[in-house]
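# Residue-level structural notes
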Amino acid sequence: MDEDSSENGDRTSDQDEGDIAADYIEELLDILDLDGDIDIETRGGRSYISVDSAGENDLHLLSKPDTVTALQELTRIAVQTRTGEFSRLILDVGGSRATREQELTALVDRAVAKLEEGATAASLPPMSSYERKLVHDIVAARGFVSESEGEGRDRHTVVTRG
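Residues numbered from 1 in each chain as written. Predicted model: local features only at pLDDT ≥ 70, side-chain atom pairs only at ≥ 80, totals over all residues. Heavy atoms only, no water.

## Quick notes on the overall build of the protein
Looking only at helices and strands, the protein has five helices and eight strands in total. If you list the helices and strands of the protein from N to C, you get β-β-α-β-β-α-α-β-α-β-α-β-β. In the protein, buried positions account for 36% of the 162 residues. In the protein, the share of contacts with a sequence separation of at least 24, taken over all contacts with a separation of at least 6, comes to 54%. Of the accessible surface of the protein, which amounts to about 10,000 Å², a share of 45% is contributed by carbon and sulfur atoms. (Helix = DSSP H or I, 4+ residues; strand = E, 2+ residues; numbered from the N terminus. Buried < 20%, exposed > 50% of the residue type's maximum accessible area, 1.4 Å probe, protein only. Contact = heavy atoms within 4.5 Å. Areas by Shrake-Rupley, 256 points an atom, 1.4 Å probe, with all protein chains shown as cover.)

## Section: the environment of R132
Along the chain, the position of R132 falls in helix α5 (residues 129-141). What makes R132 buried here is its relative accessible area of 11%. The spatial distance from the C-alpha of R132 to the C-alpha of L104 is 9.1 Å, given a sequence separation of 28 residues. Setting aside anything within four residues of it in sequence, one finds R132 in contact with M127, S148, R155, H156 and T157.

## Describing the pattern of salt bridges
Counted under the stated rule, the structure contains six salt bridges. In this structure, the salt-bridge partner of E131 is R100, at a minimum N-O distance of 2.7 Å. Placement of the pair is E131 in helix α5 and R100 in helix α4 (residues 96-116), with a sequence separation of 31 residues. Neither E131 nor R100 differs from the other in exposure class; each is buried. Notably, a salt bridge pairs D137 with K133, separated by 2.8 Å at the nearest N-O pair. Of this pair, D137 and K133 are both found in helix α5, four residues apart, which corresponds to roughly one turn of the helix. Under the relative-accessibility criterion, D137 is labelled partly exposed at 40%. The class for K133 is partly exposed, based on a relative accessible area of 46%. (Salt bridge = Lys/Arg side-chain N within 4 Å of Asp/Glu carboxyl O.)

Don't take any of this as a statement about function, it's just geometry.
Structure, rendered in structure tokens:
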């Protein structure tokens, strides 16, 4: 057995997952008649797929947060269909992740300001697990504590002094 295999059969490597995802996104861009450069990176056992464009086109339409989330889920399903394994890949279209991280930083800044004004806790709106992870990291860097609360679509982050 090679290093990408397990006792239960062949296991797809992270790079294969990235390649499958990139092929899926490339086909989608072709259907939409959009140009895009696709980069694949693996960090911490997770594939990160970035789609950027140097030219003027409608790629910005695909970079809206809800659209990126939907495309990411479709891409994960396409990968899972091919590999038989759950995919945790992260998709970034036109810098959407960096833009969202800036928005989340602003949310955390407002929450920290409330705490500094005397509030005991500040709740942020519901968000995806990936976004909550980013928030936890931002909050920790500010010297505060955060915890996820709620279930399903109502799962959100609460920031406290700790």
